[in-house]
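Chain residues, written in single-letter form:
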Amino acid sequence: MAGRARWWRIACACIFASPAQAASLHATSETTLQSSSASGPWGQEISRRRFTQSLFVVPRGDMGAVGFSVVGLARFETDFGVNSALPDSARGGETNPDVAGGAFYVPGLQPSQFELLWLYARLTDFWVDGTECRIGRQPLIDLLGYDALDGTRWVLPLPVPATLEGYVGLKPRDGRWLSLGRYERQGLWWDRQARGGHRDLVEPRPAWVAGGAIAASGPSWLRAQVLFRHAAELGGTTIDDPLTRETLATLSDSRVAEQRGAALLGARSASVGSVTVDGVYDFFAQKAERLRVLIESRDLPGRHRAGVLAERIEPTFAADSIWNWFSQKSRTATELFAVIRLPRDTTVEPHAGMTLEDGDGTEVGWDSRLYTQTPIAGGRLDLQAWARGIREISSWTIDVGAERSLLGDTWDVAVRAHVMRADDNLVGIASSSKLSAGYLLATGFYPVPTTRVGVAWEHDGSDVAGTRFQLLGTLRVDIDP
Amino acid sequence: MRAMGRSLPLWIACLLGAVLALTSAHGDPDASPPGARQSPTPSEEVFPPASVPLNFQHDKHAALSCAFCHSGARTSDRAGDSLRADPSTTCDTCHASDHAGVRNLPSPEPCATCHTGEIDSEMRRVARVIKPPPNLHFSHKVHADRNIACGHCHGQVEKTGTPSRDLLPRMAGCVGCHHGRSATSAPASCDTCHITTASTGQLETVFSTGRLLPPSWMAGAEHVPGFAMNHRQAAAENSQLCANCHDEPMCASCHAGSARPQRIHPGDFLSVHGQAAKLDSPRCVSCHQMQSFCGDCHRRLGVSESGPSGEGRGRFHPPTTVWTTGHAREAQRNLTACVSCHTESDCTGCHASRGNRGGAGISPHGPRFAGNCSAPLRKNPRACLVCHDLRSPELERCR
């Protein structure tokens, strides 16, 4: 009887969880106009004249202990700059393969697109506290990375201090925002054999995906996670000769698209620090894709923090791809970092890192960064500086910014400036050294507390790429009845 | 490198030892509330600054119970309730004072015994206690009913002097009970204590005294200056923690934003992004779809092997004489970057098997591939068939 009553509560919540029944509604509209240009090292220039409109709507409410909400995020984007930098003889050539023999055609370049990023319904605490169910197009963020799921995902707390998570649905493979490159379409580019005719895009298809995770919080100092994801290609495919387009082989059965698992084990003390070990294993490619060790102290004298992060990476790709079977060298990146707290709430956060390639060991990269935040009258001064390099390239950058926090006032302002020098080995550049300097001015005005009108002006100059400008206008409106 | 690998456990042990030695060098002040070691000062966003112009000494009143002065604590159900003592029923019972008849005092001098700050001699007024309500849900009654002693949250008040902010609870102390690790533990969801907005259900984070941010000890989520750059692990480990304060547009503003986020790529990042990509392209891929994000610009600007016709073509790689033999090394160290532009057929021209696959038979496989190829062939033969005939000897060996 108790089980039937629970399902009855769930059914009621589903029926009544409509926007019309929502106890509250929150919506955010953001309109952006952006005008900028980017120059290549050989002087070619493209213009961006972008208009972006996004709308985020969340009706939510609760029925007793059961909470419900619907999350929708949609975006329309258009770039009037596409095709604008072409000569008259090639007008429209970036989007039309029939113009100028397809010489300027960029497969996949879309001047305008509408994206339904997320649309899902969420129920919480309908079974016991901590239960959650989502249905619809939703983000999937876990140790395996960022992904999108068209399906349903359930989180159930267990009698022991652990939660169980499971999901099933369709996994879009064209890489919506936050998705990994491993699910991108293949075939944007011409190749040597196909030059003279553009290559068609391999349009992405969704794949069935199912996965599960268990996360345990254990004793106060211990936590653990184990998760596994399996995705399967449903439809068949053909393998075609790239030159003749003749079909060489046909696959009609379902096949593995992804088989990956991840695990995390961590020990943490609020007064001492933490040790975390986690990794991702690709069961299809039979490779440890990532192994990470983080040792961090959180409570050094003066409340300083310090730690070391070591990460070994060997990228893997979608199971359909041939790239999994090319020999690769793993890379191990080691990073030392600290958070140093100075008087007056000033924080300095230096990082220093090094990347080593396995194998012959001749490839060495390094990366060091420094962030500082200093309170100033009514605001904050930021300083970022970094230097990085690999073998034949090195650069250093200093970026200084000041932001005044908006606390009840009707305006905000930000000023940034930077100077940068870099060596580059791009083939064909007469001077391999770049010097760049620029500044950013931004301000926002709140005519009413829920609306911000912002303008940003960015201007930088480089001795290789010349002078660039960017003008950015934003209008953000929060609807909070 | 091998020597370094062998000595790695020793280095880690030394580092851990140093960390433990440093952290054991200081301890809690005796009287401080639990959690004061992690947060030496109480949050101003939760407890806005108060003014308590009193010369009251807690330690001199240690013989009294807390409830003698703060009698409302046992019944208070809201954090904003005033628990101040009524001096006419507390102070006056022991001290030779008469707060009810204060206007009849011949001079205001006796007031200064306990009251500090400016005293209005004519009106017999003292500086008022100003204590803004905390931005918090809290019921003293619920805790008192469970026989939780005052000192459990406020520390050893009887050892302290004048009222001060140091006696206010710290979040690190709260989670000693509100950890949610067992069925009997106190509720651990953020909105148990923190104020939420009615429209979004998320935590209220902007207050007149500042912005509420995660404390330094919480799950690696402290928003230090570089957190925007390094937040991926905290998000991957527990994205629900982020969702208590941030909604989807917050993520989208950078990850799918219409403008370059200055905190991630400040300054003229466009000029040095190639170097960042060479150093750590997997990091780029975590946000950018390389074939579409990079490809669109690279091809239109001619920074590509197959740019638009004319002078923009073929200037990405070194000259062919160098690149034909040198590309393998670059591909082995950063294949992700290669495939952001190239398609399979760019490689199969040489690396596919001879015969009707049209390759030159130059194997790209690693040394241990032959022993591990049967499972992938069974699970998904598509990649194998791009380079090998279905009945080729290589595939037969794999089967």
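This one's a predicted model, so the numbers in the text were calculated from it and none came from an experiment. In this numbering scheme, every chain counts its residues from 1 along its sequence in written order. Chains carry letters and ligands carry numbers; both start at the beginning, A for chains and 1 for ligands, and go up in the order they are written. Since the coordinates come from a predicted model, pLDDT governs what is reported: local features require at least 70, and pairs of side-chain atoms require 80 or more to be given and counted, while whole-chain, interface and lining totals use all residues. Side-chain descriptors were evaluated using all non-hydrogen atoms of the structure, hydrogens and water having been removed beforehand.

1. What to know about the overall build of chain A
Let me state the cut-off plainly: Note on conventions: DSSP H or I runs of at least 4 residues are helices, E runs of at least 2 residues are strands, and numbering of each starts at the N terminus. Residue exposure (1.4 Å probe, protein chains only): buried if accessible area is under 20% of the type maximum, exposed if over 50%, otherwise partly exposed. Two residues qualify as a contact provided that any one of their heavy atoms is within 4.5 Å of a heavy atom in the partner residue. Here the open area of atoms and residues is found with the Shrake-Rupley method and a 1.4 Å probe, where only the protein chains shown may cover a residue.
A count of helices and strands for chain A gives one helix and 24 strands. Taking all 481 residues of chain A together, the buried fraction comes to 49%. Partitioning the intrachain contacts of chain A with sequence separation of at least 6 by distance along the chain shows that 47% fall at a separation of at least 24. Of the roughly 21100 Å² of accessible surface on chain A, 62% is carried by carbon and sulfur atoms.

2. Describing the overall build of chain B
Counting secondary structure elements, chain B contains 20 helices and four strands. For chain B, buried positions account for 38% of its 399 residues. Considering only residue pairs separated by 6 or more positions, chain B has 56% of its internal contacts joining residues 24 or more positions apart. In the structure as shown, chain B presents an accessible area of about 21500 Å², 59% of it carried by carbon and sulfur atoms.

3. Some points on the packing of aromatic side chains
In plain terms, the rule: Stacked, tilted and edge-to-face are the three classes assigned to paired rings of Phe, Tyr and Trp, where Trp is represented by its six-membered ring and a pair needs centres within 6.5 Å; plane angles under 30 degrees give stacked, over 60 edge-to-face, the rest tilted.
Here the structure, examined in full by the defined rule, presents seven aromatic pairs over all chains. Among the aromatic side chains, those forming a connected cluster through ring pairs are Phe 228, Tyr 281 and Phe 283 of chain A.

4. Things to note about a positive patch on the surface
This is how the line gets drawn: Patch building starts from residues that exceed 30% relative accessible area and form no salt bridge, then joins like charges within 9 Å and nonpolar side chains (Val, Leu, Ile, Met, Phe, Trp, Tyr) within 5 Å. By definition, a salt bridge exists where a carboxyl oxygen of Asp or Glu is found within 4 Å of a side-chain nitrogen of Lys or Arg. None of His or the chain ends enter the tally, which takes Lys and Arg as positive and Asp and Glu as negative. In plain terms, the charge of a residue is placed at NZ if it is Lys, CZ if Arg, CG if Asp and CD if Glu.
Taken together, Arg 84, Arg 103, Arg 125, Arg 128 and Lys 131 of chain B make up a surface patch of like positive charges. Structurally, Arg 125 of chain B is set in strand β2 (residues 125–126).

5. Some points on the nonpolar core
This is how the line gets drawn: We call a set of buried Ala, Val, Leu, Ile, Met, Phe, Trp, Tyr and Cys residues a nonpolar core when their side-chain atoms join them within 4.5 Å.
Ile 239, Ile 322 and Trp 323 of chain A together with Leu 335 and Leu 385 of chain B are the most contacted members of the largest nonpolar core, which has 26 residues in total. Mapped onto this core, the elements with two or more residues apiece are β11 (247–251) of chain A together with α15 (335–339), α19 (382–387) and α20 (393–398) of chain B. Here the element with the most residues in this core is α19 of chain B; it accounts for five residues. Among the nonpolar cores identified, the runner-up in size contains nine residues, and Leu 117, Trp 118 and Tyr 120 of chain A together with Ala 252 of chain B belong to it.

6. What about a nonpolar patch on the surface?
Residues and elements named next belong to chain A. Together, Trp 411, Val 413, Val 415, Tyr 439, Leu 441, Phe 445, Val 453 and Leu 475 make up an exposed nonpolar region whose accessible area comes to about 650 Å². Mapped by element, the contributors of at least two residues to the nonpolar patch are β21 (411–423) and β22 (433–448). Mapping Val 453 onto the fold places it in strand β23 (residues 451–462). Residue classification places Val 453 among the partly exposed residues on the basis of a relative accessible area of 37%.

7. Considering the state of the cysteines
Residue and element names in this part refer to chain B. The following threshold applies: Disulfide assignment relies on a single distance test, namely cysteine sulfur atoms paired within 2.5 Å.
Under the counting rule described, the total for this entry stands at one disulfide over all chains. Here Cys 373 pairs with Cys 398 through a disulfide, and the sulfurs are 1.8 Å apart. Where Cys 373 bonds to Cys 398 through sulfur, the torsion about that S-S bond is close to -120 degrees, and the disulfide is left-handed. Here Cys 373, found in the loop between α17 (369–372) and α18 (374–379), pairs with Cys 398, found in helix α20; they are 25 residues apart in sequence, far enough to count as distant. Pair check on accessibility: Cys 373 and Cys 398 agree, each one buried. Cys 190 forms no disulfide, and the closest cysteine sulfur to it belongs to Cys 245, at a distance of 6.8 Å. On the basis of relative accessible area, Cys 245 is assigned to the partly exposed category, the value being 29%.

8. What to know about the pattern of salt bridges
Under the defined criterion, the tally for this structure stands at 32 salt bridges over all chains. Note that Lys 171 of chain A is salt-bridged to Asp 147 of chain A, the shortest N-O span being 2.7 Å. In this pair, Lys 171 of chain A is assigned in strand β7 (residues 162–171) and Asp 147 of chain A in strand β6 (residues 145–157), connecting sequence segments 24 residues apart. Per residue, the accessibility class of Lys 171 of chain A equals that of Asp 147 of chain A, and both read buried. In this structure, Arg 399 of chain B and Glu 396 of chain B form a salt bridge, with 3.1 Å as the shortest nitrogen-oxygen distance.

9. Notes on the side chain of His 58 of chain B
Here His 58 of chain B is to be found in the loop between α2 (8–23) and α3 (66–69). In contact with His 58 of chain B, not counting residues within four places along its chain, are Val 157, Glu 158, Thr 160, Gly 161, Thr 162, Pro 163 and Leu 167 of chain B.

10. Description of the confidence of the model for chain B
Residues and elements named next belong to chain B. Short version of the rule: In predicted models, pLDDT denotes the confidence assigned by the predictor to each residue on a 0 to 100 scale.
Mean pLDDT over chain B: 79, with 87% of residues reaching 70 or higher. Taking the mean pLDDT of every element in chain B, the minimum, 48, falls on helix α1 (residues 2–6) and the maximum, 92, on helix α5 (residues 140–145). When the criterion is pLDDT under 50, residues 1–5 qualifies, and its contacts beyond four places in sequence or with other chains add up to one contact.

11. Some words on the confidence of the model for chain A
Residues and elements named next belong to chain A. With 78% of its residues at a pLDDT of 70 or more, chain A shows a mean pLDDT of 77. Long-range and interchain partners of residues 14–20, a stretch whose pLDDT sits below 50, account for eight contacts in this model, where long-range means more than four residues apart. Here residues 174–198 scores under 50 on pLDDT; set against residues more than four positions off or in separate chains, the count is 106 contacts.

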